[in-house]
Amino acid sequence: MREKKIQNKHLPIMGIGPLYVVVIIILTVVGIALSIMNRIPFIGIPKLEILFRILGIISILLGVILYLKAVFFDKIDTYVKKNQLIITGVYAYVRNPIYSAFMFVCTGILCIYANLILLFLPFVYWAFMTMLMKYTEEKWLYDLYGEEYIHYCQRVNRCIPWKK
């Protein structure tokens with residue numbers, strides 16, 4: 001295992017999370033607002049509205065659960081302050097549960113609104129998260145944990161909770 005480069009300091013507690021969260025919330029609100037103002041056409045399937053709303057509620061609940069597990073149960077801030085890689089709890093299923101939580105909540109809101117045109121936004125959220133992670137936090141974590149982090153990445157997905 002590589003020796004930790006940071007002995008007395010730790011990675012930022014929030015990382016780039018606030019940037020990611022603000023951007024996807026703005027995209028969600030602007031998308032819905034443009035749809036309400038008829039700047040974006042509303043394309044819905046009336047027979048599937050209930051299904052979309054149920055999927056939306058499930059997505060929001062999943063987001064809330066991920067957030068609560070990562071922040072309050074798994075206590076990510078404790079691990080960051082101690083420069084320890086957390087690979088247990090919800091982190092055994094998704095590497096970025098807090099960012100994923102907001103992605104699920106925003107996706108759920110879009111599903112409840114049920115405009116099919118806006119359902120491209122979750123792909124934008126995913127792509128944005130992937131870019132941000134690859135070029136910032138994943139580099140920081142690799143520098144800090146080396147091969148241990150590489151093995152973790154091979155086992156656990158970046159955004160969607162599941163084990164490979």
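Each chain carries its own residue numbering, running from 1 in the direction its sequence is written. Only residues with pLDDT of at least 70 get local features here, since the model is predicted, and only at 80 or more are side-chain atom pairs given and counted; chain-wide, interface and lining totals rely on the full set of residues. The side-chain numbers reported here are obtained from all heavy atoms of the structure, hydrogens and water having been left aside.

## Some points on the overall build of the chain
Then, in step 1: If you tally the helices and strands in the chain, you get 7 helices and 0 strands.
Then, in step 2: Helix numbering and strand numbering both begin at the N terminus, where a helix is a DSSP run of H or I of at least 4 residues and a strand a DSSP run of E of at least 2. The order of helices and strands in the chain, counted from the N terminus, is α-α-α-α-α-α-α.
Then, in step 3: The burial tally for the chain puts 40% of its 164 residues in the buried class.
Then, in step 4: The contact definition used throughout considers only heavy atoms, calling two residues in contact when any of these lie within 4.5 Å. For the chain, the share of sequence-separated contacts (at least 6 apart) that also reach a separation of at least 24 residues comes to 80%.
Then, in step 5: Under the convention used here, a 1.4 Å probe and the Shrake-Rupley method define accessible areas, while residue burial counts only the protein chains that appear. In the form shown here, the chain has an accessible surface area of approximately 9700 Å², with 70% of it arising from carbon and sulfur atoms.
Then, in step 6: The averaged location of the 9 negative side-chain charges in the chain is 4 Å from the averaged location of its 18 positive side-chain charges. Any residue under 20% of the maximum accessible area for its type is buried, any over 50% is exposed, and the rest in between are partly exposed; the area is computed with a 1.4 Å probe on protein chains only. Charge convention: Lys and Arg are scored as positive, Asp and Glu as negative, and His as well as the terminal groups of each chain are ignored. Every charge is mapped to an atom, namely NZ of Lys, CZ of Arg, CG of Asp or CD of Glu.

## A short note on unusual backbone geometry
Then, in step 1: In the Ramachandran plot, Lys75 falls in the positive-phi region, its phi being about 50° despite a non-glycine side chain.
Then, in step 2: Here Lys75 lies in the loop between helix H2 (49-73) and helix H3 (76-81).
Then, in step 3: We note that Ala114 has phi near 65°; this positive angle belongs to a residue other than glycine.
Then, in step 4: Along the chain, Ala114 turns up in the loop between helix H4 (97-113) and helix H5 (121-135).
Then, in step 5: A relative accessible area of 3% places Ala114 in the buried class.

## Considering the pattern of salt bridges
Then, in step 1: When a carboxyl oxygen of Asp or Glu is within 4 Å of a side-chain nitrogen of Lys or Arg, the pair counts as a salt bridge. A complete count under the given rule lists 3 salt bridges for this structure.
Then, in step 2: The partner of Arg95 in a salt bridge is Glu138, and the shortest N-O contact between them spans 3.0 Å. Here the residue Arg95 occupies a position in the loop between H3 and H4, and Glu138 occupies one in helix H6 (residues 137-145), the gap between them amounting to 43 residues.
Then, in step 3: Arg95 gets classed as buried once you look at its relative accessible area, which sits at 10%.

## Structural notes on the UniProt feature "transmembrane region" (unreviewed entry) in the chain
Then, in step 1: UniProt positions are given in the numbering used here, feature names are shortened, and annotations may be inferred rather than shown by experiment. When the UniProt feature table is mapped to this numbering, "transmembrane region" (unreviewed entry) covers residues 20-38, 50-68 and 101-128.
Then, in step 2: Secondary structure across residues 20-38 divides into 89% helix and 0% strand, with the first and last C-alpha atoms of the span separated by 27 Å.
Then, in step 3: A helix fraction of 100% and a strand fraction of 0% characterise residues 50-68, whose end C-alpha atoms lie 27 Å from each other.

## Regarding the packing of aromatic side chains
Then, in step 1: Only Phe, Tyr and Trp rings are paired, with Trp represented by its six-membered ring, and only when their centres lie within 6.5 Å; those with planes under 30 degrees apart are stacked, over 60 edge-to-face, the remainder tilted. Scanning the model with the defined rule gives 6 aromatic pairs in all.
Then, in step 2: Aromatic pair Tyr149 and Tyr152: ring centres 6.2 Å apart, planes at 50°, arrangement tilted. Separated by 3 residues within a single helix, Tyr149 and Tyr152 lie in helix H7 (residues 147-155), roughly one turn from each other.
Then, in step 3: Using a relative accessible area of 4% as the deciding quantity, one classes Tyr149 as buried.
Then, in step 4: Tyr152 gets classed as buried once you look at its relative accessible area, which sits at 2%.
Then, in step 5: An aromatic cluster of three or more residues is present, and its members are Tyr20, Tyr99 and Phe128.

## Things to note about the packing of H5 against H6
Then, in step 1: Structural elements are reduced to axes, namely lines fitted to C-alpha atoms, with helices fitted over the stretch in contact, and the angle between N-to-C directions of any two is expressed from 0 to 180 degrees. Where H5 meets H6, the axes come as close as 3 Å, and the angle between the chain directions of the two elements is 35°. For the pair H5 and H6, the contacting residues are Leu132, Met133, Lys134 and Tyr135 in the first and Glu137, Glu138 and Lys139 in the second.
Then, in step 2: Residue polarity is assigned by list, with Asp, Glu, Lys and Arg as charged and Ala, Val, Leu, Ile, Met, Phe, Trp, Tyr, Cys and Pro as nonpolar; anything else, Gly included, falls into the polar class. Residues that form the contact of H5 with H6 fall into these classes: 3 nonpolar, no polar and 4 charged.

## So, the nonpolar core
Then, in step 1: Among the nonpolar cores identified, the biggest contains 22 residues, and Tyr20, Leu110, Tyr125 and Met129 are the most heavily contacted of them.
Then, in step 2: Within the residue set of this core, elements represented by two or more residues are helix H1 (17-36), H4 and H5.
Then, in step 3: Broken down by element, this core gets its largest block of residues, 6 residues, from H5.
Then, in step 4: Ignoring sequence-local partners within four residues, the contact set of Tyr20 consists of Tyr99, Met103, Tyr125, Phe128, Met129 and Leu132.
Then, in step 5: If you look at the next biggest cluster of nonpolar residues, it comprises 18 residues, including Leu66, Ala70, Phe104 and Tyr145. Take the buried Ala, Val, Leu, Ile, Met, Phe, Trp, Tyr and Cys residues and link them wherever side-chain atoms come within 4.5 Å; each set so joined is a nonpolar core.

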